[in-house]
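Fold and geometry: a report
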Amino acid sequence: MRLYHLSLTNFRNYIRLELDFPARLTLLQGGNAQGKSNLLEAIHYLATGRALQAEAERELVNWLALEDPLPYARVAADIIDDHQSKRLEITLMPANGSGRPLNFRKQVRINGIARRALDLVGNLRVVLFVPQDIELIAGPPARRRHYLDVALCQMSRAYCRALAGYSQVLAQRNALLRALQERGITSTRSSDQEQLRFWNEQLVEHGALLMTERQRFISNLDIEARVCHRQLTGGREHLQLYYVPSFDPSRRPAMNGQLPLALGYKEAMLAPFPSPVEIAEVFADHLRALYQRELTLGTTLVGPHRDDLRFMVANRDLRLYGSRGQQRTAALALKLAEVQVMTRETGEPPILLLDDVMSELDATRRQMLLKTLDNITQAIITTTDWDDFTPAFRAQARLLRVSDGKIEEVSPGEV
Ligand code: ATP
Ligand code: MG
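Note that the structure is a prediction, hence the values are computed from the model and not measured. Position numbers for residues count from 1 along each chain, tracking the sequence in the order it is written. Working convention: letters from A go to chains and numbers from 1 go to ligands, in the order in which they are written. In keeping with the model being predicted, local features are shown solely for residues with a pLDDT of at least 70 and side-chain atom pairs are shown and tallied solely at 80 or more, while totals for entire chains, interfaces and linings include all residues. The side-chain numbers reported here are obtained from all heavy atoms of the structure, hydrogens and water having been left aside.

Broken down by element type, the protein carries 13 helices and 15 strands. Taking 415 residues into account, the globule formula puts the C-alpha radius of gyration at 22 Å, and the protein, at 23 Å, falls close to it. In terms of its C-alpha atoms, the protein occupies a principal-axis envelope of roughly 75 × 60 × 40 Å. By the burial criterion, 54% of the 415 residues in the protein qualify as buried. Of the contacts made within the protein by residues no fewer than 6 positions apart, 70% connect residues no fewer than 24 positions apart. Roughly 19000 Å² of accessible area belongs to the protein as shown, and the carbon and sulfur atoms make up 50% of that amount. Secondary structure elements follow DSSP: runs of H or I of four or more residues count as helices, runs of E of two or more count as strands, with numbering from the N terminus. Values of the radius of gyration come from C-alpha atoms, whereas the globule rule sets the reference at 2.2 Å times the count of residues to the power 0.38. The cut-offs for exposure are 20% and 50% of the maximum accessible area for each residue type, with area from a 1.4 Å probe on protein chains only; residues under the lower value are buried, those over the upper are exposed, and the others partly exposed. Residue contacts are defined here by distance: any two heavy atoms, one from each residue, within 4.5 Å place the two residues in contact. To be clear on the numbers: accessible area is Shrake-Rupley with a 1.4 Å probe, and residue cover counts the displayed protein chains and nothing else.

Attention now goes to the site of ligand 1. For each residue, the test is whether any non-hydrogen atom lies within 4 Å of the molecule or strand; if one does, the residue is near. Close to ligand 1 lie 15 residues, the nearest being Asn-32, Ala-33, Lys-36, Ser-37 and Val-61. Any pair of N or O atoms that falls within 3.5 Å is considered a polar contact. Within protein, one atom must be able to donate a hydrogen and the other to accept it, and sequence-neighbouring residues count only if both atoms are side-chain atoms. Separating an oxygen atom of ligand 1 from a side-chain N or O atom of Asn-32 is a distance of 2.8 Å. Within the backbone of Val-61, an N or O atom sits 2.8 Å from a nitrogen atom of ligand 1. Protein contacts shield 75% of the accessible area of ligand 1, which totals 660 Å² for the unbound molecule. Looking at side-chain class alone, the shell around ligand 1 contains three nonpolar, nine polar and three charged residues. In this classification, the charged set is Asp, Glu, Lys and Arg, the nonpolar set is Ala, Val, Leu, Ile, Met, Phe, Trp, Tyr, Cys and Pro, and all remaining amino acids, among them Gly, are polar.

Okay, unusual backbone geometry next. Outside of glycine, negative phi angles account for most residues, and trans bonds account for most peptide bonds. Even without glycine at this site, Ala-314 takes up a positive phi of about 50°. In this structure, Ala-314 sits in the loop between strand E10 (308-313) and strand E11 (316-317). With a phi angle near 55°, Asp-356 is a residue other than glycine that sits in the positive phi range. Considering the arrangement of structural elements, one finds Asp-356 in the loop between strand E12 (351-355) and helix H12 (363-372).

For the rest of this paragraph, the subject is the sheet that holds strand E15 (residues 406-409). Within a beta sheet, neighbouring strands are joined by backbone hydrogen bonds and run either parallel or antiparallel to one another. On the basis of which strands lie adjacent, the open sheet formed by six strands has the order E8-E12-E13-E3-E14-E15 and mixed pairing. Looking along the sheet, the strands with just one partner apiece sit at the ends: strand E8 (126-129) and E15. If you compare each strand with its neighbour and ignore which way they point, the axes differ by 20° on average. Any two strands are treated as partners once DSSP identifies two or more bridges connecting them. Where strand E14 (residues 398-403) meets E15, four bridges bridge the pair, whose relative direction is antiparallel. Each bridged residue has a counterpart across the sheet, and for Leu-400 the counterpart in E15 is Glu-409. Axis lines are fitted to C-alpha atoms, over the contacting stretch for helices. Their N-to-C directions set the angle, which ranges from 0 to 180 degrees. Contacts from helix H1 (residues 36-48) reach strand E3 (25-29), E8, E12, strand E13 (379-383), E14 and E15, with the element oriented near 150° to E12. Across the sheet, helix H11 (residues 324-346) touches E8 and E12, and the angle it forms with E8 is around 170°.

Okay, the nonpolar core next. By size, the foremost hydrophobic cluster in this structure holds 82 residues, and its most contacted members are Phe-129, Leu-239, Leu-241, Leu-352 and Leu-369. For this core, the element with the most residues is helix H6 (residues 190-232), which contributes 13 residues. In contact with Leu-239, not counting residues within four places along its chain, are Asp-222, Ala-225, Arg-226, His-229, Phe-311, Met-312, Val-313, Leu-318, Ala-330 and Ala-333. Core analysis: the second largest hydrophobic core is formed by 45 residues, Val-61, Ala-65, Leu-88 and Leu-128 among them. Only buried Ala, Val, Leu, Ile, Met, Phe, Trp, Tyr and Cys residues count toward a nonpolar core, and they belong to the same one when joined by side-chain atoms within 4.5 Å.

One less than the number of residues in a helix, times 1.5 Å, gives the span that helix is expected to have. Over its 14 residues, helix H8 (residues 276-289) runs 20 Å from end to end, which matches the ideal 20 Å to within 8%, given 1.5 Å per residue. Buried within H8 we find Ile-279, Ala-280, Val-282, Phe-283, Ala-284, Asp-285, His-286, Leu-287 and Ala-289. Check the buried side of H8 and you find it contacts helix H5 (157-182), H6 and helix H9 (291-297).

Ordered by their spatial adjacency, three strands build an open sheet running E9-E10-E11, and the pairing between neighbours is antiparallel. Looking at which strands have only one partner, the edges of the open sheet turn out to be strand E9 (239-244) and E11. Two strands pair when backbone bridges link them, and E9 and E10 are joined in this way by six bridges, in the antiparallel orientation. Within E10, the position partnered with Val-244 by the bridge is Asp-308. Here H6 sits on the sheet in contact with E9 and E10, set at roughly 170° to E9.

In this section: the environment of Leu-170. Tracing the chain through its elements places Leu-170 in helix H5. Look at Leu-170 and you get buried, because its relative accessible area is 12%. Considering only alpha carbons, one finds Leu-170 and His-305, 135 residues apart in sequence, at a separation of 8.7 Å. Non-local contacts of Leu-170, meaning those with residues more than four positions away in its chain, are made with Leu-203, Thr-300 and His-305.

A few words now on the packing of helix H4 (residues 141-155) against H5. At a minimum axis distance of 5 Å, the contact between H4 and H5 shows a crossing angle of 130°. With respect to H5, the element H4 is oriented oblique. On H5, the residues that touch Asp-149, Leu-152, Cys-153 and Met-155 of H4 are Arg-157, Tyr-159, Cys-160 and Leu-163. For the contact of H4 with H5, the residue count by class is six nonpolar, no polar and two charged. Any angle between 65 and 115 degrees counts as roughly perpendicular, while under 35 counts as roughly parallel, over 145 as roughly antiparallel, and the rest as oblique.

This is the structure:
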């Protein structure tokens, strides 16, 4: 799979862009605030269907274009996948009846045919490296769940569908619990009970699939990340990753209404992970055990929406005890491991997007990252400074310069 053309209209600070990509390396240089990250964000958006930073799709639409009578933005990519060319396209248009400030809705097309957003994901697979990756280690659990979802959705259609289903059911279930809470009903009417039972069934079914896939992915990541991490630290430190689901899927709850304890490190390592059917049963038991408590609080207290992922060095949690340098190293090992796992799972390497990460790394880490590029089909790399790369490296790449949302090719002699 390879990206050979990108076309942007009113996306962030790109009013209009038509850009070809070479088979292997593209190096994009520009000063601050010229459009480096925005370009990678556009590619990432097509790969994942999700905006990187933006809270609303409106933020992706060029500010000037927002003043147009019929504002819109478009991101389109031509890719070759399995010897077939495909055109992936997202258009953002004002939602019907939307007042100012406008809400935008996404319209997805593949080869010109309208498709669901779900169908987009997985066509173009990317792994993005950004300086903020350290937040994967140091940040809140939601950041890590988002990371798992973005990676897993690109690899597995089934995961993506289950995630969409789970999120939808969770929202409905929470709405029902809130309504019951507001009405102050503790022993609820039978129609409410029936509805809740319906949501529970769906929740545990989708939830069990998410947990199974997360566990599998994390244990694969763990194996690869250990190797990368050992190389990055010259064998001095040993990284371990483990999955911390919101409840222990191999143990029935004590029906006392207490929240389940987070799975300890040793337990997580030792216990074999149960089958999806068994997970679903234990999940359902937890919902039963927490029933009164969920009614009082008006929200769903267990499930994959409360999962976490933990990074350990020498039996210490890096999020709590790691130095910034250790956290940065673990984040890099995680990303390098993700590239390996994705390559193995899908049979081909993802496209690497490196956003200004070289300047942050010391010589060893830089070298490790550049070595990964040997096994990669295509990489798009941004930098503020050409000197982050050796002339020999630059000679292998197509060199581009971005300034105020416009991109021009430069020759090696000019940099
Ligand atoms: P840095 O080196 O600081 O990371 P960058 O080249 O990566 O810079 P980008 O993040 O790509 O910069 O942003 C480029 C510019 O695009 C910024 O000035 C930003 O304010 C602007 N921008 C962001 N969203 C929009 C939008 N919707 N419309 C117009 N401009 C936008
Ligand atoms: Mg940037």
